[in-house]
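Architecture at a glance
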Amino acid sequence: MHSAVRMLESSYFGNLPGVGEVHTGTTIMAVEFDGGVVVGSDSRVSAGEAVVNRVFNKLAPLHQRIYCALSGSAADAQAIADMATYQLELHGMELEEPPLVLSAANTVRNITYKYREELSAHLMVAGWDPYEGGQVYGTLEGMLIRQPFAIGGSGSSYIYGYVDATYKPGMSPKECQQFTTNAIALAMGRDGSSGGVIYLVTITAAGTKQEIILGKELPQFYDE
Amino acid sequence: MLHSAREPQGGFSFENCQRNAFLESSLKGLRVPHARKTGTTIAGLVFEGGVILGADTRATNDSVVANKNCEKIHFIAPNIYCCGAGVAADAEMTTQLMASNMELHALSTGRKPRVATVSRMLRQMLFRYQGHIGASLIIGGVDITGPHLYSVHPHGSYSHLLFTAMGSGQGPAISVLEDRFKPDMTLEEGQQLVVEAVTAGILEDLGSGSNVDVCVITQAGIKIQRAVSTPAVLSKRQGKYDYPKGTTAVMKETVTPLALEMIEETVQTMEVE
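Given the structure is predicted, the values throughout are model-derived calculations rather than measurements. (Residues numbered from 1 in each chain as written. Chains lettered and ligands numbered in written order. Predicted model: local features only at pLDDT ≥ 70, side-chain atom pairs only at ≥ 80, totals over all residues. Heavy atoms only, no water.)

1. With respect to the overall build of chain B
Of regular secondary structure, chain B possesses 5 helices and 12 strands. Relative to the compact-globule value of 19 Å for 273 residues, chain B shows a C-alpha radius of gyration of 25 Å, a clear excess of over 25%. Seen through its C-alpha atoms, chain B measures out along the principal axes to roughly 80 × 60 × 55 Å. Looking at the 273 residues of chain B, the share that counts as buried comes to 40%. A fraction of 60% describes how many contacts in chain B between residues 6 or more apart in sequence connect residues 24 or more apart. Summed over its atoms, the accessible surface of chain B is roughly 17,600 Å², and 54% of this surface lies on carbon and sulfur atoms. Of the side-chain charges in chain B, 24 are positive and 27 negative, and the distance between the mean point of each set is 6 Å. (Helix = DSSP H or I, 4+ residues; strand = E, 2+ residues; numbered from the N terminus. Rg over C-alpha atoms; globule rule 2.2 N^0.38 Å. Buried < 20%, exposed > 50% of the residue type's maximum accessible area, 1.4 Å probe, protein only. Contact = heavy atoms within 4.5 Å. Areas by Shrake-Rupley, 256 points an atom, 1.4 Å probe, with all protein chains shown as cover. Lys, Arg positive; Asp, Glu negative; His and termini not counted. Charge placed at Lys NZ, Arg CZ, Asp CG, Glu CD.)

Shown next, in the form of structure tokens:
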């Protein structure tokens with residue numbers, strides 16, 4: 001998406017991005033179910049009008065059962081994810097047990113909040129821990145909010161109606177995966193800076209499972 | 001004798017950035033001088049035995065070719081090489097810094113350098129400078145974990161890919177790679193494809209030109225070939241433009257000796273001890 005017309009959920013006037021700057025201009029989504037979460041993203045990274053990577057995995061592991069989904073400026077998002085991964089690994093060693101998803105979300109939120117004037121990225125944190133089960137946290141602009149499901153990135157604007165209409169509490173893991181896949185596919189169909197393939201990660205007590213949905217396997221919707 | 005008010009200090013000086021941004025926005029039509037970019041085509045791909053990197057050899061200063069045969073494939077470690085695009089000085093200095101740090105890191109850890117380490121050090125440094133270091137780099141190498149190819153952008157974002165191209169000629173180059181790349185190609189096929197990709201950049205992009213340099217990195221070692229191909233051959237001059245002595249007739253010759261008076265003679269002995 002062109003930097004001047006970026007449809008971020010927030011409006012940054014302090015930090016105007018340059019023409020060559022690389023953006024993930026994305027669609028990301030996370031859904032909670034009983035016993036875990038499903039996180040999904042598209043795979044397009046754009047710099048201005050050019051696509052610099054069409055197979056980029058925007059789901060970054062922060063810890064064994066905690067993932068984050070990247071959106072916004074690619075450099076900022078990757079840097080935040082690297083920092084948070086490092087801090088969480090240390091935190092986990094100090095605790096001598098895997099950190100809580102809430103801790104991970106707070107780690108990300110603290111970085112995002114402290115440097116909110118300089119940074120231009122939104123990381124959604126989702127995972128499973130034995131205390132609260134599956135959780136999804138949005139950390140937009142430095143806030144911390146737990147939601148049953150969350151969407152983000154420039155493509156999310158096109159699917160608010162779809163997700164609000166389709167979501168129902170108590171969905172099974174399979175239904176959540178289908179819900180996420182459909183929503184991201186719809187957003188990819190309408191947002192210029194979302195596209196490529198769909199990466200899906202399902203996190204449960206048993207572990208994490210990654211899937212990649214390519215080409216013909218993508219759900220087909222009305223397309224003239 | 002004129003002296004500057006402050007002695008030049010090391011490091012970057014960002015004093016004028018705010019003023020420049022203000023001038024650019026308030027004075028319409030103001031052309032701010034830009035740092036010299038390499039206006040490049042660089043490309044890389046992973047084949048069955050390792051990594052192949054390719055680059056053109058033209059360095060431009062706006063629309064003038066500053067260097068017809070510059071080297072854009074830089075040494076990082078014996079098993080890792082790096083192609084640089086963007087601002088020439090930034091790419092050069094950054095890769096030299098990385099090479100130096102990688103050697104120290106290898107000595108300190110007692111392990112052979114890894115491509116992932118170079119990529120991480122690079123992006124952390126570039127992110128710290130928030131894009132002011134205009135270096136776009138393709139890092140390729142073969143380490144203990146296998147062959148790897150990374151592309152790093154000036155702001156610090158990175159991608160871990162099987163093939164990539166960067167620089168002003170990246171469009172044509174990536175088109176060629178998208179069309180003909182297959183995983184696990186042989187060395188000959190891979191090298192041919194890299195040369196074709198860089199050639200596309202040279203022919204289609206004004207900022208890229210001259211020859212194609214190739215660097216092949218395998219478990220066994222590296223092989224750099226300068227000027228593997230020269231796609232655009234200079235046309236032959238149609239005529240000779242040298243005029244023989246005597247073409248212009250001399251009508252009159254006047255010699256005027258200048259009367260110089262020696263005022264002072266000093267002898268300074270050289271210390272030869």
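2. Thoughts on the pattern of salt bridges
All names here are of chain B. Counted according to the given criterion, the structure contains 13 salt bridges over all chains. K182 serves as the salt-bridge partner of E189, at 3.5 Å between the closest nitrogen and oxygen. You can call E189 partly exposed: its relative accessible area is 36%. Take K182: its relative accessible area is 42%, and that puts it in the partly exposed class. (Salt bridge = Lys/Arg side-chain N within 4 Å of Asp/Glu carboxyl O.)

3. Digging into the interface of chain B and chain A
The parts lose accessible area when they come together, and the size of an interface is often stated as this lost area. Counting residues at the interface gives 13 residues for chain B, matched by 16 residues for chain A. Roughly 1,200 Å² is buried in total at the junction of chain B and chain A, and carbon and sulfur atoms are behind 54% of that figure. Linking chain B with chain A are 3 salt bridges. Taken together, the connections running from chain B to chain A amount to 4 residue pairs in polar contact (both at pLDDT 80 or more). (Buried area = accessible area lost by both parts, 1.4 Å probe. Polar contact = N/O pair within 3.5 Å; in protein donor to acceptor, adjacent residues only side chain to side chain.)

4. A short note on the packing of helix α2 (residues 88–109) of chain B against helix α3 (residues 115–128) of chain B
All names here are of chain B. Between α2 and α3, whose axes approach to 10 Å, the crossing angle comes to 130°. Classified by the angle between their axes, α2 and α3 sit oblique to one another. For the pair α2 and α3, the crossing hand works out as right-handed. Contacts between α2 and α3 involve T94, L97, M98, N101, M102 and H105 from the first element and T117, V118, M121, L122 and M125 from the second. Its residues assigned to classes, the contact of α2 with α3 comprises 7 nonpolar, 4 polar and no charged. (Axes fitted to C-alpha atoms, helices over the stretch in contact; angles between N-to-C directions. Parallel < 35°, antiparallel > 145°, perpendicular 65-115°, else oblique. Left-handed = near helix turned anticlockwise from the far one by under 90°. Nonpolar A, V, L, I, M, F, W, Y, C, P; charged D, E, K, R; others polar.)

5. Some thoughts on the environment of V87 of chain B
Residues and elements named next belong to chain B. With respect to the helices and strands, the residue V87 is situated in the loop between β6 (80–86) and α2. According to the relative accessible area criterion, V87 is buried, its value standing at 14%. With 67 residues separating them along the chain, V87 and P154 place their C-alpha atoms 9.8 Å apart.

6. A closer look at the UniProt feature "active site" (unreviewed entry) in chain B
Residues and elements named next belong to chain B. What UniProt calls "active site" (unreviewed entry) maps, in this numbering, to T40. Structurally, the position occupied by T40 is in the loop between α1 (17–26) and β1 (42–47). On the basis of relative accessible area, T40 is assigned to the buried category, the value being 1%. Discounting residues that sit within four places of it in the chain, T40 has contacts with D56, K72, G84, A85, M166, G167, S168, G169, D205, G207 and S208. (UniProt positions renumbered as here; feature names shortened; annotations may be inferred.)

7. Some remarks on the UniProt feature "active site" (unreviewed entry) in chain A
Residues and elements named next belong to chain A. The sites that UniProt annotates as "active site" (unreviewed entry) are T26. Given a relative accessible area of 0%, T26 falls into the buried group. Not counting the four nearest positions on each side in its chain, T26 is found in contact with D42, K58, L70, S71, G152, G153, S154, G155, S156, D191, S193 and S194.

8. Some points on the confidence of the model for chain B
Overall, the prediction assigns chain B a mean pLDDT of 89, with 94% of residues at 70 or greater. Predicted complex, confidence summary: ipTM 0.82, pTM 0.79. (pLDDT = per-residue confidence, 0-100.)

9. Here's the deal with the sheet that holds strand β4 (residues 45–47) of chain A
Residue and element names in this part refer to chain A. The 3 strands lie next to each other as β1-β4-β5, forming an open sheet whose pairing is antiparallel. Two strands bound the open sheet, and with one partner strand each, they are β1 (22–23) and β5 (50–53). Examined bridge by bridge, β4 and β5 share 3 bridges and lie antiparallel to one another. Residue V45 lies in a different strand from β5, and its bridge partner there is N53. (Pairing = 2+ DSSP bridges.)

10. Structural notes on the nonpolar core
Ranked by size, the top nonpolar core spans 28 residues in total, and within it L62, C68, L70, I80, V108, L123 and V125 of chain A carry the most contacts. Going through the elements one at a time, β4, β6 (59–63), β7 (66–72), α1 (74–95), α2 (101–114) and β8 (121–129) of chain A are the ones with two or more residues in this core. Counting residues per element, this core draws most heavily on α1 of chain A, which supplies 8 residues. Sequence-distant contacts of I80 of chain A, defined by excluding residues within four places in its chain, comprise V108, I111, L119, A121 and L123 of chain A. Listed in part, the 21 residues of the second largest apolar core include L45, A173, I202 and V216 of chain B. (Core = buried A, V, L, I, M, F, W, Y, C linked by side-chain atoms within 4.5 Å.)

11. Notes on the sheet that holds strand β9 (residues 133–138) of chain A
Residue and element names in this part refer to chain A. If you walk across this open sheet you meet the 5 strands as β6-β7-β8-β9-β10, and the pairing is antiparallel. Single-partner strands in this sheet number two, and they are β6 and β10 (145–146). Where β9 lies against β10, 2 bridges are found, and the strand directions are antiparallel. Bridge pairing in β10 places Y137 opposite R146.

12. So, a nonpolar patch on the surface
A cluster of nonpolar side chains, L100, L102 and Y131 of chain A, forms an exposed patch at the surface whose accessible area comes to about 280 Å². Assessed through its relative accessible area of 35%, L102 of chain A is described here as partly exposed. (Patch = residues over 30% accessible without salt bridge, like charges linked within 9 Å, V, L, I, M, F, W, Y side chains within 5 Å.)

13. Observations concerning α3 of chain B
Residues and elements named next belong to chain B. Taking 1.5 Å of rise per residue, the 14 residues of α3 would be expected to cover 20 Å, and the 20 Å separating its terminal C-alpha atoms lies within 8% of that figure. Every buried residue of α3 is accounted for by V115, V118, S119, L122, R123, M125, L126 and F127. Q130 lies just past α3 and shows a positive phi near 50°. (Expected span 1.5 Å × (residues − 1).)

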